[in-house]
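Below are the chains, spelled out letter by letter.
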Amino acid sequence: MIVKVCGLRDPENIRAVDRLAVDLCGFIFYPRSPRCVPDDELHAEAVRSCRKPAAGVFVDASPAEMLRTAERFGLGWLQLHGDESPEACGELRRQGCRIIKAIRVAAAADLAAARAYEDCADYLLFDTRCDGYGGSGWRFDWRVLDAYTGRVPFLLSGGIDAGCADAVRGFAHPRFAGVDLNSGFETAPAVKDAGKLEEFIAKIQ
Ligand SMILES: O=C(O)c1ccccc1N[C@@H]1O[C@H](COP(=O)(O)O)[C@@H](O)[C@H]1O
């Protein structure tokens, strides 16, 4: 199972999470997020030094801005949480980026939005529909994913915390690829509890 830890920011905390059995580290570049990574050399160097593949999270940023940030921070993956079009995803992919497209889910009908990304996303990320664009800390009813019949594998996201290990282990779907962990493992916005993450990861693997 793929484990992605998202919303990292501070250099020491990045290093602590990088040492865990994590497959992908996520960094948020959405200015309105309390987890937004500052665009300075200290943080760019910390993200570039991450040994795990790095994903940048964006909300309706321009392709030029995403590519500039990807280059500066060494991001191989872009995770798109806004209304980015399939065409924009396809273009970013042609530029060499791997794409995770977030789909906001509250009910099975929301899964229809995933269809347009069949040929331009490496993974989908099913996240809880909320007033904002992500990081809500709320879980949606994972049973609605029974209705997902697409080809693109997906990450489960939204409000996953230390109490969810049994639910994750018990979740089954032919396209289920992994989990994205964020606010449920924080002691403060962007500060991840490495011990809690380590314990959780051991339980779900
Ligand atoms: O975490 C944020 O602040 C954020 C802001 C804007 C877009 C995405 C964001 N985070 C992503 O949201 C999901 C769910 O997070 P949570 O577990 O509910 O806290 C996750 O993919 C984060 O990467």
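Not measured: the values here are computed from a predicted model. (Residues numbered from 1 in each chain as written. Predicted model: local features only at pLDDT ≥ 70, side-chain atom pairs only at ≥ 80, totals over all residues. Heavy atoms only, no water.)

Q: Looking at this model, I keep getting lost on the overall build of the protein chain. Mind explaining?
A: Looking only at helices and strands, one finds six helices and ten strands in the protein chain. Dimensions of the protein chain, computed from the C-alpha atoms along their principal axes, are close to 45 × 40 × 30 Å. Within the protein chain, residue pairs in contact and separated by at least 24 positions form 58% of the contacts whose partners lie at least 6 positions apart. (Helix = DSSP H or I, 4+ residues; strand = E, 2+ residues; numbered from the N terminus. Contact = heavy atoms within 4.5 Å.)

Q: For this particular structure, what's the right way to read helix α1 (residues 11–18)?
A: Within an α-helix, residues lying three or four positions from one another point in the same direction, as the helix has 3.6 residues per turn. Within α1, six of the eight residues are buried, leaving the element largely enclosed by the surrounding structure. When α1 is considered as a whole, its buried residues turn out to be P11, N13, I14, A16, V17 and D18. Packing partners of the buried residues in α1 comprise β1 (2–5), β2 (24–28), α2 (41–48), β10 (191–192) and α6 (194–204). (Buried < 20%, exposed > 50% of the residue type's maximum accessible area, 1.4 Å probe, protein only.)

Q: Any chance you could explain the pattern of salt bridges here in plain terms?
A: Charged atoms that come close allow side chains of opposite charge to pair. In this structure the tally under the stated criterion is 20 salt bridges. Its salt-bridge partner being D119, residue R151 comes within 3.4 Å of it at the nearest N-O pair. Pair noted here: R151 is in the loop between β6 (123–128) and β7 (154–156) and D119 is in the loop between β5 (98–105) and β6, with a separation of 32 residues, a long-range link. Looking at R151, the relative accessible area reads 51%, which means it is exposed. On the basis of relative accessibility, which here comes to 61%, the residue D119 falls in the exposed class. (Salt bridge = Lys/Arg side-chain N within 4 Å of Asp/Glu carboxyl O.)

Q: Help me understand the site of the ligand in this model?
A: Taken together, 22 residues form the shell around the ligand, and within it S33, G135, G137, D180 and S183 come nearest. The backbone of G135 places a nitrogen or oxygen atom 2.8 Å from an oxygen atom of the ligand. Coverage of the ligand by the protein chains reaches 98% of its 510 Å² of free accessible surface. For the shell around the ligand, a count of residues per class yields seven nonpolar, twelve polar and three charged. (Near = heavy atom within 4 Å. Polar contact = N/O pair within 3.5 Å; in protein donor to acceptor, adjacent residues only side chain to side chain. Areas by Shrake-Rupley, 256 points an atom, 1.4 Å probe, with all protein chains shown as cover. Nonpolar A, V, L, I, M, F, W, Y, C, P; charged D, E, K, R; others polar.)

Q: Please explain the nonpolar core as it appears in this structure.
A: Buried together is how nonpolar side chains tend to be arranged in soluble globular proteins. Of all hydrophobic cores here, the largest spans 57 residues; its most connected members are F27, L124, F126 and L156. Sorting elements by how many residues they give to this core places α6 first, with four residues. With residues up to four places along the chain from it excluded, the contact list for F126 reads I103, V105, L111, A114, F140, L145, Y148, F154, L155, L156 and S157. In terms of nonpolar packing, the next biggest core, distinct from the first, is built from nine residues, A55, A102, Y123 and A177 among them. (Core = buried A, V, L, I, M, F, W, Y, C linked by side-chain atoms within 4.5 Å.)

Q: How do you make sense of the layout of surface pockets when you look at a structure like this?
A: One number sums up the size of the largest pocket: a volume of about 340 Å³. Here the lining of the largest pocket is built from residues that sort into eight nonpolar, 14 polar and four charged. (1 Å grid on protein atoms, 1.4 Å probe; cavity = no way out; pocket = protein on both sides within 12 Å on 5 of 7 lines; lining within 4 Å. Points joined across faces, edges and corners; volume = space filled by probe spheres on them.)

Q: What is the right way to look at the pairing of β1 in this model?
A: In regular strands, side chains alternate between the two faces of the sheet. Bridge count for β1 against strand β8 (residues 176–181) is four bridges, and the pairing is parallel. Bridge pairing in β8 links I2 to G178. For β1 and β2, the ladder comprises two bridges, and the chain directions are parallel. Bridge pairing links K4 to L24 in β2. With α1 bridging β1 and the parallel β2, this β-α-β connection has right-handed handedness. (Pairing = 2+ DSSP bridges. Right-handed = clockwise from strand over helix to strand, strands pointing away.)

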